[in-house]
Amino acid sequence: MLFFDLDGTLVDSSLGITRCVAYALAAMGHPGLPDAQLRGWIGPALRTSFGQLFDDPADVERAVTLYRERYDGPGITECTVYAGIADAVEALHAAGRRLAIVTAKNEPHARRVLAALPFGHCFEDVIGATADGRLAQKPELIGEALRRFGVAPAVCAMIGDRHLDIEGARHHGMRGIGVLWGFGDAEELAQADALARTPDALRALLA
């Protein structure tokens, strides 16, 4: 079974995510962060990232709420599909591969994003972060995916663009495949079992 990350793997969501972070920080009275630093927020759990800026857990929760407030509006549409990924996903699905989304994005939001994608029907389910933070980190999310599908790690692979995807896969003894069109580079993904520079290359790798 193939577990796909969402942000940075299937869609370029940098605009929506960075604008929502900036909105939350402004509402919290924080001076804000440079764009280059904001891009580093794509991948990690929201509470992890906001926790680096705010010491009070109540402030972290308030920031997460504000982020989701904007994401529920314009943020969710501020993303684009990576060129070639639709064909790759459709081909894998047509070949009989089982596909699912495993993402640190809030699960209801992830479901809405996937539902708007023309190839969304190729995925059997979406495993995303819970509102209460019970599921937020990639090892936990992958573990939940394995539980839901009743599959063994040895017959699965995690595909993503950040080191968190690869570390999550390694935590479960699963193959981790890094993609280089997202937000992580080859150095960050050095621990991956394989790297794909393009969706076509990923398709060939998984065929």
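Before reading on, note that the structure itself is shown above.
The model shown is predicted, which means the values in this text are computed figures rather than measured ones.

Colleague: Outline the pattern of salt bridges, listing residues and values.
Modeller: Summed over all chains, the structure comprises 15 salt bridges. For D5, the salt bridge identified is with K138, shortest N-O distance 3.2 Å. Of this pair, D5 sits in the loop between β1 (2-4) and β2 (11-12) while K138 sits in helix α7 (residues 138-149); the two residues are 133 residues apart in sequence, bridging distant segments of the chain. Using a relative accessible area of 6% as the deciding quantity, one classes D5 as buried. Since its relative accessible area comes to 7%, K138 is described here as buried. Taken together, the salt bridges that share partners define one network made up of E107, R111, D125, E144, R147 and R148.

Colleague: Now, about helix α8 (residues 163-171): what can you tell me, with residues and values included?
Modeller: Of all the positions in α8, only D165, I166, G168 and A169 are classed as buried. In an axial view of α8, the angular spread of the buried residues amounts to 160°, which keeps them on one side of the axis. Tucked inside the fold, the buried residues of α8 contact α7, β6 (157-160) and β7 (175-179). Looking one or two places after α8, you find G173, whose phi comes out positive at around 70°.

Colleague: Just give me the short version of the pairing of β6, but keep the residues and values in it.
Modeller: Residues of β6 alternate between two faces, with A157 and I159 on one and M158 and G160 on the opposite face, all of them buried. Pairing of β1 with β6 involves three bridges; the strand directions are parallel. Residue pairing in the sheet places L2 in a bridge with A157 of β6. Where β6 and β7 come together, four bridges link them in parallel fashion. Residue pairing across strands places I159 opposite I177, the latter belonging to β7. The parallel pair β6 and β7, bridged by α8, forms a crossover whose chirality is right-handed.

Colleague: Give me the lowdown on the sheet that holds strand β8 (residues 194-196), citing residues and values where you can.
Modeller: Across the sheet, six strands lie side by side as β5-β4-β1-β6-β7-β8; this open sheet has parallel pairing. A strand with exactly one partner marks an edge of an open sheet, and here the two such strands are β5 (126-129) and β8. In this sheet, neighbouring strand axes are inclined to one another by 25° on average, regardless of whether the strands run parallel or antiparallel. For strand β4 (residues 99-106) and β5, the ladder comprises three bridges, and the chain directions are parallel. Among the inter-strand pairings, N106 is bridged to a residue of β5, identified as A129. Lying over the sheet, α8 contacts β6 and β7, oriented at roughly 170° with respect to β7.

Colleague: Report on the nonpolar core, specifying residues and quantitative values.
Modeller: By size, the foremost hydrophobic cluster in this structure holds 47 residues, and its most contacted members are F4, L10, F50, Y67, F123 and L202. For this core, the element with the most residues is helix α4 (residues 57-71), which contributes six residues. Among residues more than four places away in sequence, those in contact with F50 are A24, L25, W41, V60, A63, V64 and Y67. L141, F149, C156 and A169 belong to the second largest nonpolar core, which has 16 residues in total.

Colleague: Hey, could you go over empty space enclosed by the protein for me, with residue numbers and the actual values?
Modeller: Counted according to the given criterion, the structure contains two cavities of 30 Å³ or more. As for the largest cavity, its lining consists of 21 residues, and the residues nearest its centre are P44, L46, A104, K105 and N106. Within the residue set of the lining of the largest cavity, elements represented by two or more residues are α3 (46-51), α4 and β4. Top element by residues in the lining of the largest cavity is β4. It accounts for four residues. Tallied by class, residues from the lining of the largest cavity come to eleven nonpolar, four polar and six charged. Considering only enclosed or pocket space, the second largest cavity measures out at about 40 Å³ in volume.

The rules we used
- Residues numbered from 1 in each chain as written.
- Predicted model: local features only at pLDDT ≥ 70, side-chain atom pairs only at ≥ 80, totals over all residues.
- Heavy atoms only, no water.
- Salt bridge = Lys/Arg side-chain N within 4 Å of Asp/Glu carboxyl O.
- Helix = DSSP H or I, 4+ residues; strand = E, 2+ residues; numbered from the N terminus.
- Buried < 20%, exposed > 50% of the residue type's maximum accessible area, 1.4 Å probe, protein only.
- Arc of directions from axis to C-beta.
- Contact = heavy atoms within 4.5 Å.
- Pairing = 2+ DSSP bridges.
- Right-handed = clockwise from strand over helix to strand, strands pointing away.
- Axes fitted to C-alpha atoms, helices over the stretch in contact; angles between N-to-C directions.
- Core = buried A, V, L, I, M, F, W, Y, C linked by side-chain atoms within 4.5 Å.
- 1 Å grid on protein atoms, 1.4 Å probe; cavity = no way out; pocket = protein on both sides within 12 Å on 5 of 7 lines; lining within 4 Å.
- Points joined across faces, edges and corners; volume = space filled by probe spheres on them.
- Nonpolar A, V, L, I, M, F, W, Y, C, P; charged D, E, K, R; others polar.

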